[in-house]
Amino acid sequence: MESLADQAAGVEEFLRIVRGLPEAELGAPGTHVGVKVRGKGFAYLKEDTGVAMVKATLEEQEALVGQAPEVFTRSYTSNSFGWVEIRLDRVPPDELAELVTEAWCLTAPRRLVEEYEAGR
């Protein structure tokens, strides 16, 4: 039987997912690593705590926090977006990939998203 740690994504998986997205740029290492596409932030990583924060819709923010508060925490809201903190040691890799990709899609220019979606 797999333990939660065996099923969880972790920092390296987060970085692998980000590096696979077109034009995603990682900020300088430090306590918070920002992740941007064309100068606009869509995710952050706190390597020392194993927590990532991603951009989401307000509805998605509420749904995630409501379904698994031990994994997801409401961070803050900005206009029509809600940021969600994710404990990387508690989220499955496929769910993390979906959330990071969706955050990228909410931020990247439409043409870049369309090109990415067409190539998947």
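Everything discussed here concerns the structure shown above.
A quick note: this is a predicted structure, and the numbers were derived from the prediction, not measured.

Caption draft 1: Looking closely at the overall build of the protein. A tally of regular secondary structure across the protein gives five helices and six strands. Computed over the C-alpha atoms, the radius of gyration of the protein is 14 Å, within 12% of the 14 Å expected from 2.2 N^0.38 for a compact globule of 120 residues. The buried share of the protein, taken over its 120 residues, is 40%. Restricting to contacts in the protein with at least 6 residues of sequence separation, those with at least 24 account for 51%. Element-wise, carbon and sulfur atoms account for 48% of the exposed surface of the protein, whose accessible area totals about 6800 Å².

Caption draft 2: Inspection of the side chain of Thr 101 at higher detail. Inspection of the secondary structure assignment puts Thr 101 in helix 4 (residues 93-107). In terms of polar contacts, Thr 101 uses its side chain to reach the backbone carbonyl oxygen of Ala 97, at 2.7 Å. Not counting chain neighbours up to four residues away, the residues in contact with Thr 101 comprise Leu 21, Tyr 116 and Arg 120.

Caption draft 3: Spotlight on the nonpolar core. With 35 residues, the main nonpolar core has Phe 14, Phe 72, Ile 86 and Trp 104 as its most contacted residues. At the level of elements, helix 2 (11-19), strand 2 (33-37), strand 3 (40-46), strand 4 (51-57), helix 3 (58-67), strand 6 (81-87), helix 4 and helix 5 (110-119) are the ones that each hand at least two residues to this core. A per-element tally of this core places helix 4 first, with six residues. Once residues lying within four places of it in the same chain are set aside, the contact partners of Trp 104 are Leu 21, Pro 22, Val 37, Phe 42, Leu 112, Val 113 and Tyr 116.

Caption draft 4: Here's a closer look at the environment of Thr 107. Summarising the element assignment, Thr 107 is placed in helix 4. Residue Thr 107 is classed as buried on the basis of its relative accessible area, which comes to 8%. Residues in contact with Thr 107, not counting those within four places in the same chain, are Val 37, Lys 40, Gly 41, Phe 42 and Lys 55. Within the structure, Thr 107 has its side chain in polar contact with the backbone oxygen of Ala 103 (distance 2.9 Å).

Caption draft 5: The sheet that holds strand 4, seen in detail. Reading across the sheet, the six strands line up as 1-2-3-4-6-5 and stay open at both edges, with antiparallel pairing between neighbours. Where the open sheet ends on each side, the last strands, each with one partner, are strand 1 (24-26) and strand 5 (72-78). For this sheet, the mean angle separating the axes of adjacent strands, direction not counted, is 25 degrees. Note that strand 3 and strand 4 share four bridges and pair antiparallel.

What counts, and where the lines are drawn
- Residues numbered from 1 in each chain as written.
- Predicted model: local features only at pLDDT ≥ 70, side-chain atom pairs only at ≥ 80, totals over all residues.
- Heavy atoms only, no water.
- Helix = DSSP H or I, 4+ residues; strand = E, 2+ residues; numbered from the N terminus.
- Rg over C-alpha atoms; globule rule 2.2 N^0.38 Å.
- Buried < 20%, exposed > 50% of the residue type's maximum accessible area, 1.4 Å probe, protein only.
- Contact = heavy atoms within 4.5 Å.
- Areas by Shrake-Rupley, 256 points an atom, 1.4 Å probe, with all protein chains shown as cover.
- Polar contact = N/O pair within 3.5 Å; in protein donor to acceptor, adjacent residues only side chain to side chain.
- Core = buried A, V, L, I, M, F, W, Y, C linked by side-chain atoms within 4.5 Å.
- Pairing = 2+ DSSP bridges.
- Axes fitted to C-alpha atoms, helices over the stretch in contact; angles between N-to-C directions.

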